Amino acid sequence: MASPKSNGLEAQAGPWKLVMEDGGPIKSPVKVKYTKLFINGEFVDSVSGKTFETFDPRTEEVITSVSEATKEDVDLAVKAARAAFDHGPWPRMPGSERGRILNKYADLLQQHSEELALLESWDGGKPLDLVKVLDMPKSIGLLQYYAGYADKIHGMTLKMSGPYQGYTLHEPIGVCGQIIPWNFPLFMFFTKIAPALTCGCTLVVKPAELTPLTALYCAHLSIEAGIPPGVLNVLPGFGAITGAAISSHMDIDKIAFTGSTQVGRLIMEAAAKSNLKAVTLELGGKSPLIIMDDFNIDEAVEIANAAIFTCMGQICIAGSRVFVQEGVYDKFVKKIAERAKKIVVGDPLKGGVQHGPQINKIQFDKILKYIQYGKIDGANLLIGGHSLGEKGFYIEPTIFIDVEDNMRIAKEEIFGPVMSIFKFKTIEEVIERGNKTIYGLAAGVLTQNINVANRVARSLRAGTMWINTYLVVDNDSPFGGYKLSGLGREYGHHGLQNYLQVKSVITPLHESPWL
């Protein structure tokens, strides 16, 4: 049953019109093949027989029903993962063999990329063009990257202070629970599973209940790639039930989560209250993008536009706070408004569309509420601010100017297409204001002065700092946050450390000719 889109705001005409095919939104672009739980190498119904619906955010209509995992299903999946870790071949095979299997997995993703891209766009509302150039190649590349690491995980020989031989072993941490967000369901699936599988761990993965379909498809491909049964288990379900059961399970050794700070706190609490399992969290953000008056204004406009409006603003690292130095403020404001008007809004499955719907009614209403907050708190609405269309969760690209630091749109994560523009005078001022947030996931500075760039990069408390670019996330670049943006780092060599235990091994030396 479709969910109604009543929001209490009257949509007004703006510069955007929804771009659709002549007959409306493209219907059922791909067949949904996998909707059951994936446990121990097989697709099975949930123990309870429960299912839930996943919706098309373009039309608010049901795509399909998916099996809903409960605590009993989590227990079965953990049991399978534990058996695969304690007695199965995955952690015991040579790293080179794991790498070969992961490379085959990547090849299968490539072979099925068209179908996966359609499924990803349909289930999540993300523009298909973007999925094809970003999500698909990034997912494939990440698997290949970590496949190359599989036979290169090693410890160190230690220089002991006495007559002892010492060395370290890097061992797989064990059974891992992984909880995936809805905004990048495919890429985040591989962000979590690729390093863990490389290390020899076994997994119980919960995709977001809003976007479960590509994870289930990839579970099917894992068997074809040669990943043994029980190593990868995928359980669609809700956070309060499935996620809570994973986070508090006494036989899970590690939990990794990407999502909101509020839920991250609950997961950390559950991990502590159960078996004190290791935790990695990638959480919210309210990232500053600082534009100095010496930077090319047209390039700054393009960077700022992409930083917030990519994926309809549903990105944890979105550059939602844009600080513009006073010498170019008025010029930037004029140009960014004109640039935003050129964004193509419409059916994300149609070629050329850059801006699709928000994920669901809850997020849709939340964004419109924050737009109202911006008006109430005294910010000036430059452009946008309304919903579009009779059906679907479409919201115009929205820009506020003359925003003050104490306003709600300046402090709280909106997770939508809402840019807030602030004016500043000095470097000292903007550094202080940039850090005036509970978050610390990312930041950016645009300047031609290397001294300014270095000073700002070292002063802002954020896990990723971009200079003269934005939204660059690379396989080899560690990613994570300061403050309430999370714990730990993903990607690169650091991403492996989340799934390894370091063990020191020491033996005595007798009559050694040297120490």
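For the structure, check the block above.
Because the structure is a prediction, the values reported are computed rather than measured.

## Describing the overall build of the chain
And step 1. The secondary structure content of the chain amounts to 15 helices and 24 strands.
And step 2. For the chain, the C-alpha radius of gyration of 24 Å lies close to 24 Å, the compact-globule estimate for 515 residues.
And step 3. In terms of overall dimensions, the chain has a C-alpha envelope of 80 × 55 × 40 Å along the principal axes.
And step 4. In the chain, buried positions account for 56% of the 515 residues.
And step 5. Long-range contacts, defined as pairs at least 24 residues apart, comprise 75% of the intrachain contacts of the chain with a sequence gap of at least 6.
And step 6. When the accessible surface of the chain is totalled, it reaches about 20800 Å², and 53% of it is carbon and sulfur.
And step 7. Placing the 52 positive and 55 negative side-chain charges of the chain at their respective mean positions leaves the two points 3 Å apart.

## Some remarks on unusual backbone geometry
Where the residue is not glycine, phi is negative for most of them; where a peptide bond is considered, it is trans in most cases.
And step 1. Phi is positive for Leu 276, close to 55°, though the residue is something other than glycine.
And step 2. Position of Leu 276 relative to the elements: it lies in the loop between helix 8 (261–273) and strand 11 (278–282).
And step 3. Relative accessible area serves as the criterion here: at 66%, Leu 276 is assigned to the exposed category.
And step 4. Located in the positive-phi region is Leu 471, a residue other than glycine, with phi close to 65°.
And step 5. Along the polypeptide, Leu 471 turns up in the loop between strand 21 (464–467) and strand 22 (482–483).
And step 6. Exposure remark for Leu 471: the relative accessible area of 24% places this residue in the partly exposed category.

## Thoughts on the packing of helix 9 (residues 297–309) against helix 10 (residues 329–341)
And step 1. The N-to-C vectors of helix 9 and helix 10 enclose an angle of 55°; their axes lie 10 Å apart at closest approach. Viewed along their axes, helix 9 and helix 10 adopt a mutual orientation that is oblique. You can see that helix 9 and helix 10 cross each other, and the crossing is right-handed. Facing Ile 297, Asp 298, Ala 300, Val 301, Glu 302, Ala 304, Asn 305 and Phe 309 of helix 9, the residues of helix 10 in contact are Lys 331, Phe 332, Lys 335, Ile 336, Arg 339 and Ala 340.

## Concerning the pairing of strand 10 (residues 254–258)
And step 1. When you tally the buried positions in strand 10, you get five out of five residues, the bulk of the element.
And step 2. With burial as the criterion, each face of strand 10 is covered, one bearing Lys 254, Ala 256 and Thr 258 and the other bearing Ile 255 and Phe 257.
And step 3. When strand 7 (residues 175–179) meets strand 10, the two strands line up parallel, connected through four bridges. The partner of Cys 176 across the bridge, within strand 10, is Lys 254.
And step 4. Relative to strand 11, strand 10 runs parallel, the two being bridged by five bridges. Bridge pairing links Ala 256 to Thr 280 in strand 11.
And step 5. Remark: the strand 10/helix 8/strand 11 crossover connection has right-handed handedness.

Rules of the game
Residues numbered from 1 in each chain as written. Predicted model: local features only at pLDDT ≥ 70, side-chain atom pairs only at ≥ 80, totals over all residues. Heavy atoms only, no water. Helix = DSSP H or I, 4+ residues; strand = E, 2+ residues; numbered from the N terminus. Rg over C-alpha atoms; globule rule 2.2 N^0.38 Å. Buried < 20%, exposed > 50% of the residue type's maximum accessible area, 1.4 Å probe, protein only. Contact = heavy atoms within 4.5 Å. Areas by Shrake-Rupley, 256 points an atom, 1.4 Å probe, with all protein chains shown as cover. Lys, Arg positive; Asp, Glu negative; His and termini not counted. Charge placed at Lys NZ, Arg CZ, Asp CG, Glu CD. Axes fitted to C-alpha atoms, helices over the stretch in contact; angles between N-to-C directions. Parallel < 35°, antiparallel > 145°, perpendicular 65-115°, else oblique. Left-handed = near helix turned anticlockwise from the far one by under 90°. Pairing = 2+ DSSP bridges. Right-handed = clockwise from strand over helix to strand, strands pointing away.

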